[in-house]
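# Structural characterization, general
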Amino acid sequence: MERCIEDMRNAVARGRMTLDELTRAYDLLDRVMEVGYAELPDRFCEEYELLKDRLADTIDLDALKQEADRNLAPLQDEMNEARFAAASAASLHEFAKEVFEIWQTGGIFARRRALREFRERAGFRLESHRIGNYVAKTFDLMNEAQVRFARAQQALFAADVRYKIRPGVYARIYEVLTDKNK
């Protein structure tokens, strides 16, 4: 609550609300709605009354959304790279299974051609007498790539605060606190 009051003062003094300040206010509102209002100080209401006319002018939702998008861009790029790596690893694993099938059932020329193509796509050294091990190795590579993709995706989702950029967050906190006094 104290930090939120300080954020309001800073936003009015600076002339604009930052993304961090608005997300803290959203989190406070969420917390107040979840826990209740019994132990919240009336100081917020007093401070809000003093600053409310000037506070509304500090919130530029479009600028805040652009700031959130800029913050997410590197995480989005990382997730896209991880998605591509996971798809490549899955493709390589499927191809390893095809090559293994050819290795077991095909003739010598088909086997050599499949092994040569697999060596080119794999990017690591392959030995012809251990072809079955590469199905398992590519499976492990595929799983590792999928785990990296899932981590990158979760990091992006965790950092995405665009849903917290809402008009009237401070006014809603004020309403909740004034309702407690009735």
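### Topic: the side chain of Asp 7
- For Asp 7, the position within the fold is in helix α1 (residues 2-14).
- When its relative accessible area of 1% is taken as the criterion, Asp 7 is described as buried.
- Once residues lying within four places of it in the same chain are set aside, the contact partners of Asp 7 are Glu 21, Arg 24 and Tyr 170.

### Side note on the nonpolar core
- Residues Met 8, Phe 44, Leu 55, Tyr 170 and Ile 173 are the most contacted members of the largest nonpolar core, which totals 27 residues.
- Listed by contribution, the elements that provide at least two residues to this core are α1, α2 (19-35), α3 (43-55), α4 (61-105) and α7 (169-180).

### Things to note about the confidence of the model for the protein
- Per-residue confidence for the protein gives a mean pLDDT of 85, with 90% of residues at or over 70.
- Mean pLDDT across the elements of the protein ranges from a minimum in α3, with 77, to a maximum in α4, with 94.

### Considerations on the packing of aromatic side chains
- In the structure shown here, the tally under the stated rule is 2 aromatic pairs.
- Here Tyr 26 and Tyr 163 contribute two aromatic rings whose centre-to-centre distance is 5.8 Å and whose plane-to-plane angle is 90 degrees, an arrangement assigned as edge-to-face. Here Tyr 26 is found in helix α2, whereas its partner Tyr 163 is found in the loop between α6 (131-159) and α7, with 137 residues between them in sequence.
- Residue class for Tyr 26 comes out partly exposed when judged on its relative accessible area of 23%.
- Using a relative accessible area of 45% as the deciding quantity, one classes Tyr 163 as partly exposed.
- Here Phe 95 and Phe 118 contribute two aromatic rings whose centre-to-centre distance is 5.9 Å and whose plane-to-plane angle is 45 degrees, an arrangement assigned as tilted. Of the two residues, Phe 95 is situated in helix α4 and Phe 118 in helix α5 (residues 108-122); the sequence distance between them amounts to 23 residues. Residue Phe 95 shares its accessibility class with Phe 118, and that shared class is buried.
- A cation over a ring is seen here: Arg 111 above Trp 103, with NZ or CZ 4.1 Å from the ring centre.
- The cationic tip of Arg 121 hangs over the ring face of Phe 95; the distance from NZ or CZ to the ring centre is 4.3 Å.

### Structural notes on the pattern of salt bridges
- Scanning the entire structure with this criterion turns up 8 salt bridges.
- Between Arg 162 and Asp 69 there is a salt bridge, with its nearest N and O atoms 3.2 Å apart. Here Arg 162, found in the loop between α6 and α7, pairs with Asp 69, found in helix α4; they are 93 residues apart in sequence, far enough to count as distant.
- Between Arg 162 and Asp 160 there is a salt bridge, with its nearest N and O atoms 2.8 Å apart.
- Here Arg 162 falls in the partly exposed class, since its relative accessible area comes to 37%.

What counts as what
- Residues numbered from 1 in each chain as written.
- Predicted model: local features only at pLDDT ≥ 70, side-chain atom pairs only at ≥ 80, totals over all residues.
- Heavy atoms only, no water.
- Helix = DSSP H or I, 4+ residues; strand = E, 2+ residues; numbered from the N terminus.
- Buried < 20%, exposed > 50% of the residue type's maximum accessible area, 1.4 Å probe, protein only.
- Contact = heavy atoms within 4.5 Å.
- Core = buried A, V, L, I, M, F, W, Y, C linked by side-chain atoms within 4.5 Å.
- pLDDT = per-residue confidence, 0-100.
- Phe/Tyr/Trp six-rings, centres within 6.5 Å; stacked < 30°, edge-to-face > 60°.
- Lys NZ or Arg CZ within 6 Å of the ring centre and 35° of its normal.
- Salt bridge = Lys/Arg side-chain N within 4 Å of Asp/Glu carboxyl O.

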